[in-house]
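Below are the chains, spelled out letter by letter.
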Amino acid sequence: MAGASSSWSHALVQISPYTFSAIGIAISIGVSVLGAAWGIYITGSSLIGAAIKAPRITSKNLISIIFCEAVAIYGVIIAIILQTKLESVPSSKIYEPESLRAGYAIFASGIIVGFANLFCGLCVGIIGSSCALSDAQNSSLFVKILVIEIFGSVLGLFGVIVGIIMSAQVSWPSK
Amino acid sequence: MSTFSGDETAPFFGFLGAAAALVFSCMGAAYGTAKSGVGVASMGVMRPELVMKSIVPVVMAGVLGIYGLIIAVIISTGINPKAKSYYLFDGYAHLSSGLACGLAGLSAGMAIGIVGDAGVR
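Residues numbered from 1 in each chain as written. Chains lettered and ligands numbered in written order. Predicted model: local features only at pLDDT ≥ 70, side-chain atom pairs only at ≥ 80, totals over all residues. Heavy atoms only, no water.

1. A word on the UniProt feature "domain: V-ATPase proteolipid subunit C-like" (unreviewed entry) in chain A
Phase 1: Sites flagged by UniProt as "domain: V-ATPase proteolipid subunit C-like" (unreviewed entry) map to residues 23–82 and 107–166 of chain A.
Phase 2: With 95% helix and 0% strand, residues 107–166 of chain A has end C-alpha atoms that lie 10 Å from one another. (UniProt positions renumbered as here; feature names shortened; annotations may be inferred. Helix = DSSP H or I, 4+ residues; strand = E, 2+ residues; numbered from the N terminus.)

So, in structure tokens, the structure goes:
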């Protein structure tokens, strides 16, 4: 078992890297889907309410729902990428520094993707709801508010980029 | 393994620093974009011609996300215990730099959101 050099290390070294990896993968998809769902319900409820008086807005404003959905897809993609990075190492090597680092990298990658997608989904949802409401008043506003929504959805892409860069750090010790 | 030098758990703090940089600045960028976007949409109903001018707070908030991305990438490529020894000192330094960038981005994003929302109205 690897030695520990500080008070935090004494606790962290006892935790298997597979624990951290599994939690990271779960967070990457679970929290991304939470963000997508939250955004969709914020946009959807405004959209349905506004469509009562202005039924013409429904088909155009489904784009906002699609932007929220993209966030969930990012989470799925990263979860699949991360779980292909998992390798089994013999039990003598589980607590080696290299496999500990691999576990931490998957964990951090999952947290980054999950929470970046959560806030992106929320942002796109809030803007999508105000897009629907302003479109119902004045249809020339739809494209302009959509530009703001595109700025919001870029945040999810940032999370994916950093998650992929960090997952390139994952290397388990060879058998 | 013989070339892996430094403390074992230092990468935990380093990677968490990269995560903090991106996640918190994403939080700030999202808050700024959403809050000022709602203000722009509400204002646009009354004065549609001013909407394109009022996109400036949204762009400012988006830039915060880019700052977090840059710092997260710099930190995560700096964690390489095979090339260079990675001690707890380096891990803590990366953690604090990530938190500094992220929390500053969070506060800036909240400020941009509130001011943008009030300003465009």
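2. Remarks on the UniProt feature "domain: V-ATPase proteolipid subunit C-like" (unreviewed entry) in chain B
Phase 1: According to UniProt, the feature "domain: V-ATPase proteolipid subunit C-like" (unreviewed entry) maps to residues 16–75 of chain B in the numbering used here.
Phase 2: Overall, residues 16–75 of chain B shows 85% helix and 0% strand. The separation of its end C-alpha atoms is 10 Å.

3. Examining the UniProt feature "transmembrane region" (unreviewed entry) in chain B
Phase 1: As annotated in UniProt, the feature "transmembrane region" (unreviewed entry) corresponds to residues 12–34, 55–79 and 91–115 of chain B in the numbering used here.
Phase 2: Summarising residues 91–115 of chain B: 100% helix, 0% strand, and an end-to-end C-alpha distance of 36 Å.

4. Notes on the interface of chain B and chain A
Phase 1: Taken together, the contact between chain B and chain A spans 46 residues of the former and 48 residues of the latter.
Phase 2: Buried surface at the junction of chain B and chain A, summed over both partners, amounts to about 4000 Å²; 81% is from carbon and sulfur atoms.
Phase 3: Summed over the three residues of chain B that lose the most area to chain A, namely B:Glu8, B:Phe12 and B:Phe15, the buried surface amounts to 16% of that side.
Phase 4: Across the chain B-chain A interface, the total number found is zero salt bridges.
Phase 5: Applying the counting rule to chain B against chain A returns three residue pairs in polar contact (both at pLDDT 80 or more). (Contact = heavy atoms within 4.5 Å. Buried area = accessible area lost by both parts, 1.4 Å probe. Salt bridge = Lys/Arg side-chain N within 4 Å of Asp/Glu carboxyl O. Polar contact = N/O pair within 3.5 Å; in protein donor to acceptor, adjacent residues only side chain to side chain.)

5. Things to note about helix α2 (residues 56–78) of chain B
Phase 1: For α2(B), with 23 residues, the first-to-last C-alpha span of 34 Å sits near the 33 Å given by 1.5 Å per residue.
Phase 2: The complete set of buried residues in α2(B) reads B:Pro57, B:Val58, B:Ala61, B:Gly62, B:Leu64, B:Gly65, B:Gly68, B:Leu69, B:Ala72, B:Ile75 and B:Ser76.
Phase 3: Buried residues in α2(B) make contact with α5 (141–167) of chain A together with α1 (10–46) and α3 (88–120) of chain B. (Expected span 1.5 Å × (residues − 1). Buried < 20%, exposed > 50% of the residue type's maximum accessible area, 1.4 Å probe, protein only.)

6. Examining α1(B)
Phase 1: Taking 1.5 Å as the rise per residue, α1(B) with 37 residues should run 54 Å; its terminal C-alpha atoms sit 55 Å apart, in good agreement.
Phase 2: Judged by how many residues are buried, α1(B) sits mostly within the fold: 28 of 37 residues are covered.

7. Focus: the UniProt feature "transmembrane region" (unreviewed entry) in chain A
Residue and element names in this part refer to chain A.
Phase 1: Summarizing the sequence annotation, UniProt attributes the feature "transmembrane region" (unreviewed entry) to residues 20–41, 62–82, 102–129 and 141–166 in the numbering used throughout.
Phase 2: Helix makes up 100% of residues 20–41 and strand makes up 0%, while its end C-alpha atoms are separated by 31 Å.
Phase 3: Taken end to end, residues 102–129 is 100% helix and 0% strand, and its two terminal C-alpha atoms sit 41 Å from one another.

8. A word on the confidence of the model for chain B
Phase 1: Confidence in the prediction for chain B averages 90 pLDDT; 95% of positions are at 70 or higher.
Phase 2: Taken over the whole predicted complex, pTM reads 0.91, whereas the ipTM for its chain interfaces reads 0.89. (pLDDT = per-residue confidence, 0-100.)

9. Thoughts on the pattern of salt bridges
Phase 1: Taken as a whole, this structure holds four salt bridges over all chains when the rule is applied.
Phase 2: One salt bridge in this structure joins A:Arg56 and A:Asp135, with 3.8 Å as the shortest N-O distance. With A:Arg56 in the loop between α2 (17–50) and α3 (57–84) and A:Asp135 in helix α4 (residues 97–137), this residue pair connects regions lying 79 residues apart in the sequence.
Phase 3: With relative accessibility at 0%, the residue A:Asp135 sits in the buried group.
Phase 4: Here B:Glu49 and B:Arg47 are joined by a salt bridge, their closest N and O atoms 3.0 Å apart.
Phase 5: One salt-bridge network, held together by shared partners, links B:Lys35, B:Asp117 and B:Arg121.

10. Focus on the state of the cysteines
Phase 1: Using the criterion set out here, one finds zero disulfides over all chains in the structure.
Phase 2: Here A:Cys120 is not cross-linked by a disulfide; its sulfur's nearest cysteine counterpart is in A:Cys123, at 6.7 Å.
Phase 3: We note that B:Cys26 lacks a disulfide partner, and the nearest cysteine sulfur, in A:Cys120, lies 7.2 Å from it. (Disulfide = S-S within 2.5 Å.)

11. A short note on the nonpolar core
Phase 1: Within the largest apolar cluster, 71 residues are counted, with the highest numbers of intra-cluster contacts made by A:Tyr104, A:Leu155, B:Phe12, B:Phe15 and B:Leu22.
Phase 2: Where this core is concerned, the elements lending two or more residues are α2, α3, α4 and α5 of chain A together with α1, α2 and α3 of chain B.
Phase 3: No other element matches α4(A), which puts 18 residues into this core.
Phase 4: With residues up to four places along the chain from it excluded, the contact list for B:Leu22 reads A:Ile112, A:Ala116, A:Phe158, A:Gly159, A:Val162, B:Gly65, B:Gly68, B:Leu69 and B:Ala72.
Phase 5: One finds A:Leu47, A:Ala50, A:Ala54 and A:Ala132 within the second-largest nonpolar core, a separate group that totals six residues. (Core = buried A, V, L, I, M, F, W, Y, C linked by side-chain atoms within 4.5 Å.)

12. Digging into a nonpolar patch on the surface
Residue and element names in this part refer to chain A.
Phase 1: A cluster of nonpolar side chains, contributed by Ile29, Val33, Val76 and Ile80, occupies part of the molecular surface with about 280 Å² of accessible area.
Phase 2: At the level of secondary structure, the elements contributing two or more residues to the nonpolar patch comprise α2 and α3.
Phase 3: Mapped onto the secondary structure, Val33 falls in helix α2. (Patch = residues over 30% accessible without salt bridge, like charges linked within 9 Å, V, L, I, M, F, W, Y side chains within 5 Å. Areas by Shrake-Rupley, 256 points an atom, 1.4 Å probe, with all protein chains shown as cover.)

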